Structures are given as C-alpha cells and as structure tokens.
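A structural walkthrough
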Amino acid sequence: MSTRPAQPPESVCAVVVTYNRLELLERCLEALAGQTRPVEEIVVVDNASTDGTAAAVRAAHPDVVLLALEENVGGAGGFHAGMAQAHAAGHGWLWIMDDDTLPEPGALAALLAGAERAPGPSVPPLLASQVLWKDGSLHPMNRPFVRWREPGTVATGAEHGLVALRSATFVSLAIRREAVDRFGLPLREYFIWGDDFEYTNRLLRDTPGYLVPESRVLHWTDRPHTSITGARERFYYHVRNSLLVLRGSSMDAWERLSYLRYWAGTLKDYLRIHGHSRQAWAIVLRGLRDGCRGSAR
Amino acid sequence: MSAERLPRVVAACAAGERSREQATAVAGQTAALARTMAIEPSLEAACASGAELVWLLQGGAVPAPDALGRLLDAARGPLAPPIVAGLVLDAGGVPVDRLIPPGTQEDLEALIAGAAGRWMPIRHATETHVLLARRAVDEHGLPDRAALGPHAFSAWSRRVLREETGRLVPSSRATLPPGPGAGLATGVRDVPATLRMARTGLWTTGEKIRAFRALARS
C-alpha cells in the first residue's frame, strides 16, 4: 500500500464499525470523546443500518468522518473500509473497535504508553486492550492468544509490563500504520467471523504484538458468549473462513494442526446439535466448497 | 530491595558446576552462604540451618549483581509464592527458552495481572536460577532424584505449584557459561527416569513428546 504521511506519526484515528445499534454507538462515541489522550480523528463505518444511524451521526457528530456504506459488508468489510480511510488520511495509529466497545478514559493513553515501553528495536505492529465484560472479568469472546511457544518473548514482554500476543480480536486494537503498509488490510471477503483472527495472525506471525494491561475497555454484549455451533446459516462463514485461514500463511504447521483440531470439533458439534439435518450438512458442505475455492492469504 | 528485614537466604550451587565467577557473584549478594553440594542434600542442609529461602543456582549460572534482590522483591508479602524463578540467559545474552516454563491459555488472567508487577506466572520451574521458600520443602519434601533423575526438580516444583502460582521475574538474570548448560535431560541412562516421569501425570502430551524426542536425539 502507498504511504501518505500527512499526519504526525503519533496521530490516532479511531475506526468504529456499526450496524443498527445507534444507542450503543452513541455511548462508544461518548467514551471516545472522553479519552484523556484525545484521538485526532474518528471514522464511523455504517454498514447500511436501517435505524437511522447515518443521519443521526451526521446531525450529532459533524466532526466524525462517516462512511455510510450502501450495503452491509459485515464486520470484515467494515473494518476494511474504515482502516483504508484512516490509512489514506495518513494517521500513525488505527484504533479499531465495534460499536459496542466502551473504552475507559485512559484506554488510548495506556495503549500508546505501552508502545513506548515495548521491547525491541521498532514499534510493535499492534497493541491490544484488556477487553472486559460487564462483570469485570475478561470477555470470553475476546481472549487473545499469547505467544506461549516463545517463552522468552513472553518473559521479555512481562519485564516491560506487557503480554506478548500471537493474535487478538478487533475490539480496541491499535494497529500501527507501517503494519498496514506491509501486510495490507483485513480481508473484506470474510464478511464475519475469523477476520480478526486471520488478520492479527498475519501481522504477528514473526513479530509480537502486546496487550497493555492498563488499557481497559468494556465489550457491552448482552451475553458473555456467542456459541458458534449454535448459529444456523452463519455457521457457513465459520466453516469457510476457517478453511481459508488454514490454507493461508498466517500460521505455522503446529498452529495449523492445533486449529484444525478445534475446527473439526466445531463441525462435529454443529452437525450433532442440528441433528445431522440436510440443511446443516448443506451449510457445512457449502462452506467447505467455498473455503477450498476462495483465495487464501 | 525495599524491606526492613532481610530474610535468611542460603545459596545452593552444585559442586561440580560451581565456578569461581559464580561463587564471587553469589558472595556479593546478601549474606548468602554458598554450599557446594548436589541439590537435595544442599536443600536439606539449608533448611536445617534455619534458612527461610533457598536460592538454587545450577549449571554454572552466574547471577547478575541484583539478581537475588529482584527475586526477593517478588518472594515476600502476604501472598508470597513458594517458588520465584529468574530468567536464564545463554552466553550470548539471549533468554534460554527451554529453561522458561511455558504457560497455557488458562494462565491468561494471571499473566495480565503479573505483567503489571513485571513478572509472569509459572506452573513449574527448573533448578538453574530459582528461589524456594523453605515451607515448600517442609510441605512437599525433597525432589525424588533417585526415581526421576533429571526430571526430579521439575516434578517437585509442579507438585508445589499445584495449588499456588509461582512467578518468573525476568529482570532477575543469570547467565550460563558457553556450552550445553543445565536443564538438559539426558542420555540413555535417563530412559527409566523419563518413563517414570511420563507416568506421573505431571507432563502434558506435548511435554512427553518433547522429552522423548530429546532422548531420541541423545
């Protein structure tokens, strides 16, 4: 990707992807406005909401850059579009999140402080916040994967007050501009599920990212967990995208094997939960077919 | 170090591996008493002498001047862990991965909490550079070297840390001399001990695979 350093290297653009959750979006924007270290710009990507989100943002937040998409392109497409916009504007950091993310006032300042104290000769490709649920525990949907297979890296991270990561989710993630230059954007064709796993695995294959414990956000979901296998048609994306990840280059052989075991288990559980119905088998087979045909990175 | 009263610490360095450099480094930190014995008798003697903490240094590891102080900072307080390990570097100054106990995803909360205090949680340890609370020896006895050979300390530390989380303090450093260093199981003579260790249930499948692969290589 071409670079356009129109902004200072430390400028931060928050990218929020939203779909039909105006009330939550308002709370998210309020939390962004309350940051002790203000963001330089906010980009809201509206995934063709039908609840008047675009008009409301235009009216109440004229300073926000609104990308009102004509169709719902899923979380993956939304982050792709929003990050492309922020990157093109020349920002140094792209701070991405869903509309149900509520950063604490010091969340961004802590992320940037984490970047300052991170070990290594260069700025890490990404930094993540602690993502908490309403009860204060780590949100089960957003538990990042640690670089457990590199204990020396984990130890060095701990020495600097950081947790060395192998992958993370798109809920309060600060991505360095140079990482986008090198690795590109999230894959919009994923639509939903697995886009963050694939993207962060790609960015962090050879270089650690870090979780900054002092940076905390609330992920305001009704329930702490969404069952993949409980989904119906959406399970198609899990089947297809996981296969694309497995075929891609973001994981090494050992990681692939481990992920393959997890994925095979979810397929088995899904078919069992849905009584091995024709419809369930059709969804799985369609996902397998498209996962084999699609282009993997 | 920030405490008013220093706990009594005995340093235990294995006789055959003890270098002059190591002895000098140990003597320069607190009023440590360096013993020149194998681990188990050294631990026993240290506890008998009334030590509250025992600092094990094996494989000729030479501690940095502040290594013990940093371990002590993490080894005190109301929730003091029974085992606090330091970071072991090779002669080139690179952390030795095989001497850092890897964690699991279940340790994530503890890892995040530990990062704030600049330590990481561990579920077992190696004997290369580690501080042990005397109460751990009182409660769990000594490592069973006769049965488990080179895996004895690892097995013992896993039993000690079954209910409590140990800490690794990366800023407390010790450097191995050039060469293969400590913590390497093994030769053909260690096959029975490795088989016995595999049957204890203390190893994960991955650890079993790694241990037998190391044996096969040797």
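Worth saying up front: this structure is predicted, and the values here are computed from it rather than measured. (Residues numbered from 1 in each chain as written. Chains lettered and ligands numbered in written order. Predicted model: local features only at pLDDT ≥ 70, side-chain atom pairs only at ≥ 80, totals over all residues. Heavy atoms only, no water.)

1. Thoughts on the overall build of chain A
If you tally the helices and strands in chain A, you get 10 helices and 10 strands. Taken over the C-alpha trace, chain A has a radius of gyration of 19 Å; the compact-globule value for 297 residues is 19 Å, and the two agree within 12%. Buried residues in chain A amount to 56% of all 297 residues. Residue pairs in contact within chain A that sit at least 24 positions apart in sequence constitute 80% of those at least 6 positions apart. Total accessible area on chain A stands at roughly 12700 Å², and carbon and sulfur atoms take up 54% of it. Across chain A, the mean location of the 32 positive side-chain charges is 9 Å away from that of the 33 negative side-chain charges. (Helix = DSSP H or I, 4+ residues; strand = E, 2+ residues; numbered from the N terminus. Rg over C-alpha atoms; globule rule 2.2 N^0.38 Å. Buried < 20%, exposed > 50% of the residue type's maximum accessible area, 1.4 Å probe, protein only. Contact = heavy atoms within 4.5 Å. Areas by Shrake-Rupley, 256 points an atom, 1.4 Å probe, with all protein chains shown as cover. Lys, Arg positive; Asp, Glu negative; His and termini not counted. Charge placed at Lys NZ, Arg CZ, Asp CG, Glu CD.)

2. Quick look at the overall build of chain B
Within chain B, the secondary structure is distributed over 9 helices and 8 strands. Look at the contacts in chain B between residues 6 or more apart in sequence, and 76% of them connect residues 24 or more apart. When the accessible area of chain B is evaluated, it comes to approximately 9800 Å², of which 55% is carbon and sulfur surface.

3. Some details on the interface of chain B and chain A
Interface extent is often summarised as the accessible area lost during association of the parts. Opposite the 21 residues of chain B that make contact, chain A presents 22 residues. Among the residues of chain B in contact with chain A, Gln105, Ile112 and Arg118 of chain B are the three that bury the most area, contributing 30% of the side total. Linking chain B to chain A there are 2 salt bridges. Here Arg143 of chain A ties to Glu109 of chain B by a salt bridge, and the two come within 2.7 Å at their closest N and O atoms. Here chain B and chain A share 8 residue pairs in polar contact (both at pLDDT 80 or more) between them. In terms of residue count, helix H4 (residues 108–116) of chain B provides more of the side of chain B that touches chain A than any other element does, 5 residues in total. (Buried area = accessible area lost by both parts, 1.4 Å probe. Salt bridge = Lys/Arg side-chain N within 4 Å of Asp/Glu carboxyl O. Polar contact = N/O pair within 3.5 Å; in protein donor to acceptor, adjacent residues only side chain to side chain.)

4. A short note on the pattern of salt bridges
All names here are of chain B. In total, this model carries 22 salt bridges over all chains according to the counting rule given. Between Asp73 and Arg76 there is a salt bridge; the shortest N-O distance is 3.8 Å. A relative accessible area of 41% places Asp73 in the partly exposed class. Residue Glu207 pairs with Arg158 through a salt bridge whose shortest N-O separation is 2.9 Å. Taken together, the residues Glu207 in helix H9 (residues 205–217) and Arg158 in helix H7 (residues 152–160) connect sequence positions 49 residues apart. Comparing Glu207 with Arg158 shows no difference in burial state: the two are buried.

5. A word on the packing of helix H8 (residues 191–199) of chain B against H9 of chain B
Two measures define how a pair of helices packs: the angle their axes make with one another and the distance between the axes. Residue and element names in this part refer to chain B. The geometry of H8 relative to H9 is characterised by a closest axis approach of 11 Å and an angle of 175° between their N-to-C directions. Looking at the two axes, H8 sits roughly antiparallel to H9. Here Val191, Thr194, Leu195 and Ala198 of H8 come into contact with H9, specifically with Lys208, Ala211, Phe212 and Leu215. Its residues assigned to classes, the contact of H8 with H9 shows 6 nonpolar, 1 polar and 1 charged. (Axes fitted to C-alpha atoms, helices over the stretch in contact; angles between N-to-C directions. Parallel < 35°, antiparallel > 145°, perpendicular 65-115°, else oblique. Nonpolar A, V, L, I, M, F, W, Y, C, P; charged D, E, K, R; others polar.)

6. Some remarks on the nonpolar core
Residue and element names in this part refer to chain A. Ile96 and Ile175 are the most contacted members of the largest nonpolar core, which has 64 residues in total. When residues no more than four places from it in sequence are discounted, the contact partners of Ile175 are Met83, Gly92, Trp93, Leu94, Ile96, Pro125, Leu126, Val180, Tyr199 and Leu203. Counting 31 residues, the second largest nonpolar core, distinct from the first, contains Ala107, Ala110, Leu112 and Ala115. (Core = buried A, V, L, I, M, F, W, Y, C linked by side-chain atoms within 4.5 Å.)

7. Here's the deal with the domain arrangement of chain A
Residues and elements named next belong to chain A. Domain boundaries assigned for chain A yield domain 1 (12–219) and domain 2 (232–293). Computed over C-alpha atoms only, the centres of domain 1 and domain 2 are separated by 26 Å. If you look at the interface, domain 1 gives 12 residues, while domain 2 gives 15 residues. Per-residue buried area on domain 1 facing domain 2 is highest for Arg149, Tyr190 and Trp193; these three make up 41% of the total on that side. Taken together, the links from domain 1 to domain 2 amount to 2 salt bridges. Put simply, Arg149 and Asp252 hold a salt bridge, and the shortest N to O gap is 3.0 Å. Counting across the domain 1 and domain 2 interface gives 10 residue pairs in polar contact (both at pLDDT 80 or more). Element by element, the count of residues in the side of domain 1 that touches domain 2 is highest for helix H7 (residues 195–203), at 4 residues. When its residues are assigned to classes, the side of domain 1 that touches domain 2 shows 5 nonpolar, 1 polar and 6 charged. (Domains from an automatic or database assignment.)

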